[in-house]
Amino acid sequence: MTTIQTRLQAVHQRIDAAAHASGRPSNAVTLLAVSKTFGTDAVQAAYAAGQTAFGENYIQEAVQKITLLHHLPLQWHCIGPIQSNKTRLVAEHFDWVHTVDRLKIAERLSAQRPAEKPPLQVCLQVNVDGGATKSGVVPAEAMALAKAVALLPGLHLRGLMCIPEPAFDFVAACAVFSRARGLFDALNAEGLALDTLSMGMSADLEAAIASGSTMVRVGSAIFGGRHYPA
Ligand SMILES: *Cc1c(COP(=O)(O)O)cnc(C)c1O
C-alpha cells in the first residue's frame, strides 16, 4: 500500500471511531480530502484508494488539477476565500463551494454557473469564534444570507462551514463547533432543509464529529505536511 492509502485508512478509522463514540453511523460523515499544494499524482493515489471528493483553496492551482484529471469521476470542493474576479472560474469548474459569506459573491456564482451543469452546491462560511480578521458571515446575519442564497437558481444551498481557531482542548473545540451546529439547527427549523455541516480538520475532526459535523476536511493527515511556495 502507498503511504496515502495507509493514511486514508487511518483517517477513516478515526472518523468511524468518532462517529461511534457519539452514537452516529459512520456513513453520517463524509471525508473531503484537502489536496491543496499537492500534485495530481497525490490526488490519483487517493482516488486509487477510493477517495473521490477533493478540496482545494487556491482557485488557479485547483483549475489546473481539475483540468488534468478531467477523465476521473472526481468531485471538487472550493474551500478557499473567493474574490469577485475569481467567481467565474469557481462557477465553471467546481462542484461545491464552502466559503460563500456574502450575497454579492453568491449572486455572481449563480449567474456564472454554466446552464448545462447542475447547480453549484453551496455552504455558507460562518465566523463562529468571532475572529475579527476572519472571513465568514457573523452568526446574527447567517439566517438572512441563507434565505437569500436559497433563492438563487444556479446554486443549491446545502449547509454551513466553519474554520475555528485551534482550540485548547476537546471540550473547548466542541463548544465552538456546537455554535455552528446550533445555527444549522435554527436554519433548518426555518425550513431551509440543510444537510451539510462542514467542520473538522486533521487536528480536530473528533470534536467536530461529536458536535454534529457531516463533512470533515482533512489535508495533512492524508497527504502529509504542506510546503508553500515562497
Ligand atoms: C487546509 C485546509 C483544511 C485541511 O487542513 P489540515 O489541517 O491539513 O487537515 C481544511 N479546511 C480548510 C478550509 C483548509 O484551508
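Structure's up top.
From a predicted model like this one, the values you see are computed outputs, not experimental measurements.

### Topic: the site of the ligand
- Among the 13 residues in the neighbourhood of the ligand, the closest are listed as Lys36, Asn57, Ser202, Ser220 and Arg226.
- A distance of 2.9 Å separates a nitrogen atom of the ligand from a polar side-chain atom of arginine 217.
- Contact between the ligand and arginine 226: an oxygen atom at 2.7 Å from a side-chain N or O atom of the residue.
- Looking at the shell around the ligand residue by residue, the classes come out as six nonpolar, four polar and three charged.

### Re the packing of helix α1 (residues 3-21) against helix α2 (residues 40-48)
- Between α1 and α2, whose axes approach to 9 Å, the crossing angle comes to 55 degrees. Between α1 and α2, the interaxial angle falls into the category oblique. When you trace α1 past α2, the crossing you get is right-handed. Note on element contacts: α2 touches α1 through Ala42, Ala45, Ala46 and Ala48, opposite Ile4, Gln5 and Leu8.

### Comments concerning the side chain of threonine 87
- Relative to the helices and strands, threonine 87 is located in helix α4 (residues 87-93).
- Threonine 87 gets classed as buried once you look at its relative accessible area, which sits at 0%.
- For threonine 87, the contacting residues outside a window of four places in its chain are Ile82, Ile105, Arg108, Leu109 and Gln112.

### Looking at the pairing of strand β1 (residues 30-34)
- In terms of burial, β1 is largely enclosed, as four of its five residues are buried.
- Relative to strand β8 (residues 215-218), β1 runs parallel, the two sharing four bridges. If you follow alanine 33 over to β8, its bridge partner there is valine 218.
- The sheet contact formed by β1 and strand β2 (residues 53-56) spans two bridges and is parallel.

### Some details on the pattern of salt bridges
- For the structure shown, the criterion picks out eight salt bridges.
- Where aspartate 195 meets arginine 158, a salt bridge forms, and the shortest distance between an N and an O atom there is 3.0 Å. With a gap of 37 residues between them, aspartate 195 in the loop between α7 (170-189) and β7 (196-198) and arginine 158 in strand β6 (residues 155-161) connect regions that are remote in the sequence.
- Its relative accessible area of 41% is what places aspartate 195 among the partly exposed residues.
- The exposure class of arginine 158 is buried, given its relative accessible area of 18%.
- What emerges from the salt-bridge pattern is a single network uniting Glu56, Glu61 and Lys65.

### Here's the deal with helix α6 (residues 139-149)
- Among all positions in α6, only Ala142, Leu145, Ala146 and Val149 are buried. Buried residues in α6, looked at end-on, bunch into an arc of 105 degrees, giving them a common side. Along α6, exposed side chains directed more than 90 degrees from the buried face belong to Ala140, Glu141 and Ala144.
- On its buried face, α6 sits against α5 (103-112), β5 (120-125), β6 and α7.

### A closer look at the packing of α6 against α7
- Contact pair α6 / α7: the axes reach a minimum separation of 11 Å and the direction vectors enclose 35 degrees. Helix-helix and strand crossings are classified by hand; for α6 and α7 the assignment is right-handed. Along the contact surface, α6 presents Pro139, Ala142, Met143 and Ala146, while α7 presents Leu183, Ala186 and Leu187.
- Looking at the contact of α6 with α7 residue by residue, the classes come out as seven nonpolar, no polar and no charged.

Criteria and cut-off values
- Residues numbered from 1 in each chain as written.
- Predicted model: local features only at pLDDT ≥ 70, side-chain atom pairs only at ≥ 80, totals over all residues.
- Heavy atoms only, no water.
- Near = heavy atom within 4 Å.
- Polar contact = N/O pair within 3.5 Å; in protein donor to acceptor, adjacent residues only side chain to side chain.
- Nonpolar A, V, L, I, M, F, W, Y, C, P; charged D, E, K, R; others polar.
- Axes fitted to C-alpha atoms, helices over the stretch in contact; angles between N-to-C directions.
- Helix = DSSP H or I, 4+ residues; strand = E, 2+ residues; numbered from the N terminus.
- Parallel < 35°, antiparallel > 145°, perpendicular 65-115°, else oblique.
- Left-handed = near helix turned anticlockwise from the far one by under 90°.
- Contact = heavy atoms within 4.5 Å.
- Buried < 20%, exposed > 50% of the residue type's maximum accessible area, 1.4 Å probe, protein only.
- Pairing = 2+ DSSP bridges.
- Salt bridge = Lys/Arg side-chain N within 4 Å of Asp/Glu carboxyl O.
- Arc of directions from axis to C-beta.

Read these as spatial facts, not as claims about activity.
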